[in-house]
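Understanding the architecture of this molecule
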Amino acid sequence: MKPSQSLAVGESIAPEADPHVPVRRPGAWRDQGPVVAVVALGGAMGASGRYGASLLWPTAGGGFPWITLGVNAVGCAVIGAFMVLISEVRTAHRLVRPFFGTGVLGGFTTFSTYAVDTRKLVDGGRPGAGLLYLGLTPLVALAAVWSAAWVTRRAAAWRHRPAEAS
Amino acid sequence: MNWLLVAVGAAVGAPLRYLTDRTVQKRHDTVFPWGTFTVNVLGCLVLGVLTGAALRGAASDSVQLLVGTGLCGALTTYSTFSYETMRLAESGARFLAAANLVASVVAGLGAAFLGAAAAEAVWA
């Protein structure tokens with residue numbers, strides 16, 4: 001967390017040393033209003049992207065939901081890289097994470113369609129495909145978030161190495 | 001018009017996820033991501049009801065885009081779910097990571113079945 005911008009003379013820069021720095025009450029609407037607004041905007045954009053993908057590559061009724069699987073995999077890979085970037089590599093404006101992480105990526109990926117599509121496969125007489133989809137999605141999602149975070153950490157370490165060595 | 005329905009539904013669903021997550025996370029002091037778990041299971045239940053209603057002809061295409069693709073799609077999340085699971089595993093809480101994975105999948109699927117069955121009973 002960044003220290004507050006106006007520091008009185010003699011005040012500590014380190015936020016943990018001064019109990020008065022994080023004075024913002026988390027529930028205050030003055031603070032939460034902009035956050036809720038960018039989450040809504042990002043969510044609308046992310047969901048539109050998911051809907052666009054479903055129009056570009058429509059899944060036949062009762063078919064294997066490859067598009068939702070792909071959308072979720074892409075969203076998980078991007079959040080893996082994004083979270084490493086904004087929490088380990090550089091600091092970001094306080095609205096960046098709510099807008100992109102909570103809004104865009106949260107709106108783009110979906111858990112409800114995953115569960116309901118699994119039910120549809122089972123109900124439609126394809127329990128094998130349903131079970132495969134049920135297990136494959138979390139496997140692909142975790143592999144995506146983990147490998148993207150790993151690659152981003154390695155890339156950041158590689159970029160910062162010459163500066164640290166000199 | 002269809003795009004607008006999805007966008008409006010998501011503009012409600014995503015903040016609802018954010019506010020629910022904050023409310024739930026404030027009410028417990030464990031590292032288990034109950035907030036994301038709650039919105040995901042809730043979204044599966046609502047989308048289950050909606051698909052059941054659609055099957056009986058009780059939900060129009062517009063309602064499905066607004067409430068299903070838009071609201072439920074944005075209320076639930078796979079990206080935060082997998083990121084939080086990975087963070088649990090990285091922090092050494094491997095059991096909680098596995099528990100989050102299994103509980104979310106089982107409860108989400110159960111909610112989808114329950115919602116659909118309830119809708120098919122109501123709109124029989």
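The name an unreviewed UniProt entry gives chain B is Fluoride-specific ion channel FluC, with Streptomyces palmae as the organism. We quote the UniProt Subcellular location (unreviewed entry) comment for chain B here in full: "Cell membrane". UniProt, in its Function (unreviewed entry) section for chain B, records the words "Fluoride-specific ion channel. Important for reducing fluoride concentration in the cell, thus reducing its toxicity."

Right, let's get into the overall build of chain A. Secondary structure summary: chain A contains 5 helices and 0 strands in total. Going from the N terminus to the C terminus, chain A shows its helices and strands as α-α-α-α-α. Considering chain A as a whole, with its 166 residues, one finds that 42% of them fall into the buried category. Counting contacts in chain A only where the partners sit at least 6 residues apart, residues at least 24 apart contribute 68% of the total. Of the accessible surface of chain A, which amounts to about 9,400 Å², a share of 66% is contributed by carbon and sulfur atoms.

Take the confidence of the model for chain A next. Residues and elements named next belong to chain A. Residues of chain A with pLDDT of at least 70 account for 80%, and the chain-wide mean is 86. Of all helices and strands in chain A, the one with the weakest mean pLDDT is helix α5 (residues 127–165) (91), whereas helix α3 (residues 96–108) scores best (98). When the criterion is pLDDT under 50, residues 1–21 qualifies, and its contacts beyond four places in sequence or with other chains add up to 12 contacts.

This brings us to the interface of chain B and chain A. Counting from both sides, the interface comprises 45 residues of chain B and, opposite them, 47 residues of chain A. Where chain B abuts chain A, roughly 3,600 Å² becomes buried across the two surfaces, and 73% of that area is made up of carbon and sulfur atoms. The largest per-residue losses of area from chain B upon contact with chain A belong to Trp3(B), Tyr18(B) and Tyr78(B), which jointly make up 19% of the total buried on that side. There are 1 salt bridge connecting chain B and chain A. In this structure, Arg153(A) and Glu90(B) form a salt bridge, with 3.1 Å as the shortest nitrogen-oxygen distance. Within the residue set of the side of chain B that touches chain A, elements represented by two or more residues are α1 (2–26), α2 (34–55), α3 (61–75), α4 (79–90) and α5 (94–122) of chain B. The dominant element in the side of chain B that touches chain A, judged by the number of residues it contributes, is α1(B), at 12 residues.

Following the criterion strictly, the structure yields 4 salt bridges over all chains and no others. Where salt bridges share partners, they join Glu88(A), Arg153(A), Arg87(B) and Glu90(B) into one cluster.

On to the UniProt feature "transmembrane region" (unreviewed entry) in chain B. All names here are of chain B. As annotated in UniProt, the feature "transmembrane region" (unreviewed entry) corresponds to residues 37–55, 62–81 and 101–123 in the numbering used here. Helix makes up 100% of residues 37–55 and strand 0%, and the two end C-alpha atoms of the span are 27 Å apart. Spanning residues 101–123, this segment combines 96% helix with 0% strand, and its end C-alpha atoms are found 33 Å apart.

Residue and element names in this part refer to chain A. On the secondary structure map, proline 34 appears in helix α1 (residues 29–56). Residue classification places proline 34 among the partly exposed positions, given a relative accessible area of 32%. In this structure, the C-alpha to C-alpha distance between proline 34 and phenylalanine 99, residues 65 residues apart in sequence, is 9.8 Å. Residue contacts for proline 34: discarding those within four places in its chain leaves Trp29, Arg94 and Leu95.

Attention now moves to the UniProt feature "binding site: Na(+)" (unreviewed entry) in chain B. As annotated in UniProt, the feature "binding site: Na(+)" (unreviewed entry) corresponds to Gly73(B) and Thr76(B) in the numbering used here. For Gly73(B), the position within the fold is in helix α3. Residue Gly73(B) is classed as buried on the basis of its relative accessible area, which comes to 0%. Gly73(B) has contacts with Arg50(A), Gly106(A), Gly107(A), Thr109(A), Thr110(A), Ser112(A) and Gly68(B), leaving out every residue within four places of it along the chain. Of note, Thr76(B) is situated in the loop between α3 and α4. Beyond its immediate sequence surroundings of up to four residues, Thr76(B) is in contact with Gly106(A), Thr109(A), Thr110(A), Phe111(A), Ser112(A), Arg17(B), Val39(B), Asn40(B), Gly43(B) and Cys44(B). Of note is the side chain of Thr76(B), whose polar atom sits 3.3 Å from the side chain of Thr110(A).

Conventions we followed
Residues numbered from 1 in each chain as written. Chains lettered and ligands numbered in written order. Predicted model: local features only at pLDDT ≥ 70, side-chain atom pairs only at ≥ 80, totals over all residues. Heavy atoms only, no water. UniProt positions renumbered as here; feature names shortened; annotations may be inferred. Helix = DSSP H or I, 4+ residues; strand = E, 2+ residues; numbered from the N terminus. Buried < 20%, exposed > 50% of the residue type's maximum accessible area, 1.4 Å probe, protein only. Contact = heavy atoms within 4.5 Å. Areas by Shrake-Rupley, 256 points an atom, 1.4 Å probe, with all protein chains shown as cover. pLDDT = per-residue confidence, 0-100. Buried area = accessible area lost by both parts, 1.4 Å probe. Salt bridge = Lys/Arg side-chain N within 4 Å of Asp/Glu carboxyl O. Polar contact = N/O pair within 3.5 Å; in protein donor to acceptor, adjacent residues only side chain to side chain.

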